[in-house]
Amino acid sequence: MIRRPSSAAVLALTAALAAAGCSKIETAVKGAAARAAGPIDKAALDAAIDKNLGGPDTCVIMLDARSGAEAYRYGSNVACARELPPCSTFNIPATLIALDSGAATPASVFKWDHKPQAVSAWERDTDMSTAFKQSVAWVFQNLAVTAGASAYETRLKAFGYGNHLAQGPIGAFWQGPQGGGERAISPRGQAEFLRRLYNGRLPAKPESTAFVTTA
């Protein structure tokens, strides 16, 4: 069963809009979905944001889960509309595509090939839930190869996810120029995608959506 946010809940997404690559894009307010029982404390949220994240080009945006209205924004409208490589946030649509296409199941276990990884915790066999939670890069690279570029292009267009460009290496097109890819999406676009995801409004199988929203 999908855990849908209440009317008071908001979806938040952060992105650094500096010229740096994916390694510099970090989360300033933890969690893609934040529940709010009362009015948003803008001052408290402003204070929680890492000012070194992207300077004046940083965007943090929250949308009301039901109406889509802007509930909170840190940064300019220009910053929040600027498209960037999705980097690890791409694991969300990638998981939906992998599950829907049959490239993986919630019970799948992926065998590590013993190649050194950027994160030592990734150097082991990994199940789908762990890969999603820990953003295990090699799993998503392999899943992309298995599902294929055509499946990605078709599904990302159906999701309304960013600029729809999947050009570049199939295992890295979401990593931006450093990975040879062109896929990009704005922070506002990310937040709207998450809102539709949590409200069950994406063209994805219910069981795939349930996995992603509860993993």
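### Notes on the environment of M62
Its place among the elements puts M62 in strand β3 (residues 59-64). Classification of M62 as buried rests on a relative accessible area of 3%. Taking C-alpha positions, M62 is 8.4 Å from R188, a pair spaced 126 residues apart along the chain.

### With respect to the pairing of β3
Among the 6 residues that make up β3, 6 are buried, leaving the element largely enclosed by the rest of the structure. Residues of β3 alternate between two faces, with C59, I61 and L63 on one and V60, M62 and D64 on the opposite face, all of them buried. When β3 meets strand β4 (residues 70-74), the two strands line up antiparallel, connected through 4 bridges. Bridged to M62 within β4 is Y72. Between β3 and β4, which pair antiparallel in sequence order, lie 5 residues; one of them, G68, sits at a positive phi of approximately 85 degrees.

### Examining the state of the cysteines
The full count for this structure, using the stated rule, is 1 disulfide. Each sulfur in the disulfide pair C59 and C80 lies 2.1 Å from the other. Of note, the bridge from C59 to C80 carries an S-S torsion of about 100 degrees and is right-handed in sense. Separated by 21 residues along the polypeptide, C59 in strand β3 and C80 in helix α2 (residues 77-81) bring together distant segments of the chain. The class of C59 is buried, set by a relative accessible area of 0%. What makes C80 buried here is its relative accessible area of 0%.

Cut-off values and rules
Residues numbered from 1 in each chain as written. Predicted model: local features only at pLDDT ≥ 70, side-chain atom pairs only at ≥ 80, totals over all residues. Heavy atoms only, no water. Helix = DSSP H or I, 4+ residues; strand = E, 2+ residues; numbered from the N terminus. Buried < 20%, exposed > 50% of the residue type's maximum accessible area, 1.4 Å probe, protein only. Pairing = 2+ DSSP bridges. Disulfide = S-S within 2.5 Å.

None of the figures reported here should be taken as evidence of function without further support.
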